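The lines below spell out each chain.
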Amino acid sequence: MRLLIEEAKRVLPHSYAPYSGVHVAAAVLTDRGNIYRGVNVENSSYGLTICAERSAISAMVTAGERRPVAIAIVTDMDKPIPPCGACRQVLAEFNSEVEVVMHSVKTGKTVVANLRDLFPSPFKLRSTGSGEGVN
């Protein structure tokens, strides 16, 4: 857990948050023992903003991995922050039981939760064999 927090803290200064001022970094640990980092990248068209968690998951997928086991989310806010709904869905796509470590560099407070507790009913499509998916 401490290593993941440190890996996320290492890239926190690279966060691009000129609009909200909320800087976030994430570090994802995979079942192969590799760590992938990401930061939030805001955009003046807010809907185009990329969260740190999705940035880290994208780096993981780009490297050919598919199984995160833990993610550290680090912020410069007073309190640790949980992943947003979109990030919870993206994490659940790869592992609905991922350990989520939330940390504030400002206060040193850390909160740990299982994604299943934060997001008990993720959306899932299953193949029906006919090419159609069902939830």
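A.B. asks: Whenever I open this one, the overall build of the chain confuses me. Can you help?
C.D. replies: Counting secondary structure elements, the chain contains four helices and seven strands. Tracing the chain from N to C terminus, the helices and strands come up as α-β-β-α-β-α-β-β-α-β-β. Computed over the C-alpha atoms, the radius of gyration of the chain is 15 Å, within 12% of the 14 Å expected from 2.2 N^0.38 for a compact globule of 135 residues. When the backbone C-alpha atoms are referred to their principal axes, the chain occupies close to 50 × 35 × 30 Å. In the chain, which comprises 135 residues, the share counted as buried stands at 39%. Surface summary for the chain: the accessible area is close to 7,300 Å², and the carbon and sulfur share equals 53%. With 15 positive and 13 negative side-chain charges, the chain shows a spacing of 1 Å between the two charge centroids.

A.B. asks: What is the right way to look at the state of the cysteines in this model?
C.D. replies: When the sulfur atoms of two cysteines share a covalent bond, that bond is a disulfide. In the structure shown here, the tally under the stated rule is zero disulfides. Its sulfur unpaired, C51 is 3.7 Å from the next cysteine sulfur, which belongs to C87. Among the residues examined, C51 registers a relative accessible area of 19% and is labelled buried. No disulfide involves C84; its nearest neighbouring cysteine sulfur is the one of C87, lying 3.7 Å away.

A.B. asks: How do you make sense of the pairing of strand β2 (residues 35-39) when you look at a structure like this?
C.D. replies: The side chains of a regular strand alternate between the sheet's two faces. Here strand β1 (residues 24-30) runs beside β2; their pairing, made up of five bridges, is antiparallel. Each bridged residue has a counterpart across the sheet, and for L29 the counterpart in β2 is I35. With antiparallel pairing between neighbouring strands as the criterion, β1 and β2 make up a hairpin whose turn holds four residues, including G33 at a positive phi of roughly 90°.

Thresholds, definitions, all that
- Residues numbered from 1 in each chain as written.
- Predicted model: local features only at pLDDT ≥ 70, side-chain atom pairs only at ≥ 80, totals over all residues.
- Heavy atoms only, no water.
- Helix = DSSP H or I, 4+ residues; strand = E, 2+ residues; numbered from the N terminus.
- Rg over C-alpha atoms; globule rule 2.2 N^0.38 Å.
- Buried < 20%, exposed > 50% of the residue type's maximum accessible area, 1.4 Å probe, protein only.
- Areas by Shrake-Rupley, 256 points an atom, 1.4 Å probe, with all protein chains shown as cover.
- Lys, Arg positive; Asp, Glu negative; His and termini not counted.
- Charge placed at Lys NZ, Arg CZ, Asp CG, Glu CD.
- Disulfide = S-S within 2.5 Å.
- Pairing = 2+ DSSP bridges.

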